[in-house]
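What the coordinates show
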Amino acid sequence: KALAVGGISGRFANAVTAVRGKLTLKANAYREQLAAGKGAGLPFTKVVECNIGNPQALGQRPLTFVRQVLSLLDYPPLVDHPDARALFPEDVRQRARELLAGIPGGVGAYSESQGALYVRQACARFIAARDGHAADPADIFLTDGASEAVKMCLQVCLRHAHDAILVPIPQYPLYSGSINLFGGQLCGYFLDEEHGWALTASEVQRALDDARAGGKCVRALVVINPGNPTGNTLALSDQQAIVELCARENIVLLADEVYQQNLYVPDEPWASFKRVACEMGERASELELFSFHSVSKGFLGECGRRAGYVECHNVPAEAKAALYKMIALGLCSNVAGQATIELMLNPPKPGEPSHALYAAERDELLASLHRRSQLFCDAFNEMEGVSCTRAEGALYLFPQIRLPARVLAKAAEAGVAPDAFYAEALLDATGICIVPGSGFKQREGTFHLRFAFLPAEEDIAGVVGLMRDFHKRFMDEHRGVAA
């Protein structure tokens, strides 16, 4: 066979993503077994997905305004149907009219390759209002989720096998997998776990110097703020130091800001890297910046819509032309997703019929996520050998777990990382699917678990109980000399 072993690029072997890896496939098999009525021998009755930030899969309800408008976009005759007034508020119908007028052909037609101008203009208005600095629709590209935008920008940055990207450790596997796939090299800089997963310019400089000493050409630096998998938010002073470093060292900055609406520490305001760079004036005048946002996170949780965007700040025309070519090869991103971006960035305003319900749904979702993060964090910190930093943002906790020496020995025997050994045992015993920290990279000798705190609040007691009971049994079974 032409495509048998050895018939495809070896780069695919390392282009893996832990959040959809071996344990997820095993969880899917368990789910299918249960759905087929063949789960009598399993010690659990359902699979709980805590491995991925997929809110609606765990019961989060979509926002009413968003889905009402999207339903009208999918069937435009409803907009002015005689019965529509009883079903849809006037601002919903008016927004649908505006989107249908602004997106030629509606959501069933191809848009411009870069994305519908109407939606890119909405993006630019949102960015300008958020940052206090102008944004140009010509610098914005709409994509099938922020992940596609990240991959395109990495491809633009990577030219040769010795080109490298600086990535935070722990990192999101999109970066390691994509960099491998595109033939580049990942060089990690460590976040400081003892200080709330802080990012420091001195550690980034160390990683940069080491990479260059090893003959690598560092092309770009990735920051994830709020953090995935760590849930940290960056201090303004650290952001400024990173911007200054990138401008001074001629390194492109990739700012992954898809969790910018998931913030749980109100007295610590969040700032985009675009705003930080603009307000630094001459010190940041040479900075080349890609900034990413998405409808999948925040309080929308519209992961299946696959919609996001990248804004190019101070990026040369040649690089933007390359991005355009990559999008044009696929014609355009999905247009219903583009409309969802507009709805995320331009919600109902005070005084409009849908505003009160929208604000109530938004506020309750964010408050619930904060409560869930605290409840699960407390539960982890009560478990033997586990320490967990509170989430300041995003949808994840990244507790460190100190495992007995016997676990390390068994994991070595099985040829897996110790935290992967633990995570698989948890899945087999409880149906709870999490991701081992080894899938995100971590400091040598430490082990972690990434946990998406998305189970519904009414399910938390049950999930915590299962985890606590499993952990006690596991530690009792393997207890010996602590590793």
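What comes next concerns the included structure. (Residues numbered from 1 in each chain as written. Predicted model: local features only at pLDDT ≥ 70, side-chain atom pairs only at ≥ 80, totals over all residues. Heavy atoms only, no water.)

**Re the overall build of the chain**
Short version of the rule: Think of it this way: any DSSP run of H or I at least four residues long counts as a helix, any run of E at least two long counts as a strand, and we number them from the N terminus. Radius of gyration: C-alpha atoms only; globule rule: 2.2 Å multiplied by the number of residues to the exponent 0.38. With a 1.4 Å probe rolled over the protein chains alone, any residue whose accessible area is under 20% of its type maximum counts as buried; one over 50% counts as exposed, and the rest are partly exposed. By the convention used here, residues are in contact when the closest approach between their heavy atoms is within 4.5 Å. Accessible surface area values rest on a Shrake-Rupley calculation with a 1.4 Å probe, where residue burial reflects the displayed protein chains alone. Under the counting rule used here, the positive set is Lys and Arg, the negative set is Asp and Glu, and His together with the chain ends is not counted. The atom standing in for a charge is NZ when the residue is Lys, CZ when it is Arg, CG when it is Asp and CD when it is Glu.
A count of helices and strands for the chain gives 17 helices and 14 strands. For the chain, whose C-alpha radius of gyration is 23 Å, the value lies close to the compact-globule estimate of 23 Å for 483 residues. Considering the chain as a whole, with its 483 residues, one finds that 53% of them fall into the buried category. Long-range pairs, those at least 24 residues apart, make up 73% of the contacts in the chain with a sequence separation of at least 6. On the chain, roughly 20600 Å² of surface is accessible, and the fraction owed to carbon and sulfur atoms is 54%. Across the chain, 47 positive and 55 negative side-chain charges occur, with their mean positions spaced 5 Å apart.

**Details of the pairing of strand β3 (residues 163–169)**
One face of the sheet, then the other: side chains in a regular strand alternate in exactly this way. Heads up, the rule is: Strand pairing is assigned whenever DSSP identifies at least 2 bridges connecting the two strands.
With seven of seven residues buried, β3 lies mostly within the body of the structure. Here β3 shows two buried faces, one formed by D163, I165, V167 and I169 and the other by A164, L166 and P168. In this sheet, strand β5 (residues 217–224) lies alongside β3 in parallel orientation, the contact comprising four bridges. Counterpart to D163 in the pairing with β5 is C217.

**Quick look at the sheet that holds strand β4 (residues 185–190)**
Note the cut-off: Fitted lines through C-alpha atoms give the axes, limited to the stretch in contact for helices. The angle between two N-to-C directions lies from 0 to 180 degrees.
Read across the open sheet, the seven strands follow the order β2-β8-β7-β6-β5-β3-β4; overall the sheet is mixed. The strands lining the two open edges of the sheet, one partner per strand, are β2 (140–143) and β4. Pairs of neighbouring strands in the sheet enclose a mean axial angle of 20°, with direction left out of account. Here six bridges tie strand β7 (residues 289–294) to strand β8 (residues 308–313), and the two strands are oriented antiparallel to one another. Across the sheet, the residue bridging to L289 is H313, located in β8. On top of the sheet, helix α7 (residues 146–157) reaches β2, β3, β5, β6 (252–256), β7 and β8; it is set at about 165° to β7, its chief contact.

**Things to note about the sheet that holds strand β10 (residues 396–397)**
The strand order across the open sheet formed by three strands is β10-β14-β13, and the pairing between neighbours is antiparallel. Single-partner strands in this sheet number two, and they are β10 and β13 (435–436). The sheet contact formed by β10 and strand β14 (residues 449–452) spans two bridges and is antiparallel. Among the inter-strand pairings, Y396 is bridged to a residue of β14, identified as A452.

**A closer look at empty space enclosed by the protein**
Selection criterion: Grid points spaced at 1 Å over the protein atoms alone were grouped into cavities, where a 1.4 Å probe fits but cannot get out, and pockets, open sets with protein on both sides within 12 Å along at least five of seven lines, with lining residues defined by an atom within 4 Å of a point. Grid points are joined across faces, edges and corners, and a volume is the space filled by probe spheres set on the points. Residue classes follow a fixed rule: Ala, Val, Leu, Ile, Met, Phe, Trp, Tyr, Cys and Pro count as nonpolar, while Asp, Glu, Lys and Arg count as charged, and any other residue, Gly among them, counts as polar.
The tally for this structure, following the rule as stated, stands at two cavities of 30 Å³ or more. Put simply, the largest cavity is a space of about 60 Å³. Around the largest cavity sit P168, P170, Y189, L191, L199, I224, G227, N228, P229, T230, N232 and L234, which together line it. Among the residues making up the lining of the largest cavity, the classes are represented as eight nonpolar, four polar and no charged. What the second largest cavity holds in volume is close to 30 Å³. Lining the second largest cavity, in full, are I127, R130, E257, Q260, S291, F292, H293, Y309 and E311.

**A word on α7**
Selection criterion: In a helix, the anticipated span is given by 1.5 Å times the number of residues less one.
Here α7 spans 17 Å end to end across twelve residues, near enough to the 16 Å set by a 1.5 Å rise per residue. Listing the buried residues of α7 in full gives A146, A149, V150, M152, C153, L154 and C157.

**Side note on the packing of aromatic side chains**
As a reminder, the rule being used: Only Phe, Tyr and Trp rings are paired, with Trp represented by its six-membered ring, and only when their centres lie within 6.5 Å; those with planes under 30 degrees apart are stacked, over 60 edge-to-face, the remainder tilted. For a lysine, the NZ atom is tested; for an arginine, the CZ atom; a charge sits over a ring if that atom is within 6 Å of the ring centre and within 35 degrees of the ring normal.
Scanning all chains against the criterion turns up 13 aromatic pairs. The interplanar angle of 65° and the centroid separation of 6.2 Å between the aromatic rings of Y264 and F453 together place this pair among those described as edge-to-face. Residue Y264 is found in the loop between β6 and α11 (273–279), and its partner F453 is found in the loop between β14 and α17 (457–478); the two are separated by 189 residues along the sequence. With respect to class, Y264 is no different from F453; both count as buried. With centroids separated by 5.3 Å and ring planes inclined at 75°, the aromatic side chains of Y422 and F470 adopt a geometry described as edge-to-face. Linking Y422 in helix α16 (residues 418–430) with F470 in helix α17, this pair joins segments that are 48 residues apart in sequence. The ring centre of Y396 lies 4.0 Å from the NZ or CZ of R450, which sits over that ring.

**Description of the environment of P418**
Summarising the element assignment, P418 is placed in helix α16. Accessibility expressed as a relative area gives 12% for P418, which makes it buried. Considering only alpha carbons, one finds P418 and P404, 14 residues apart in sequence, at a separation of 9.7 Å. Contact partners of P418, with chain neighbours within four places excluded, come to L403, V407, L408, A411 and F447.

Scope: geometric values only; no functional claims are made or implied.
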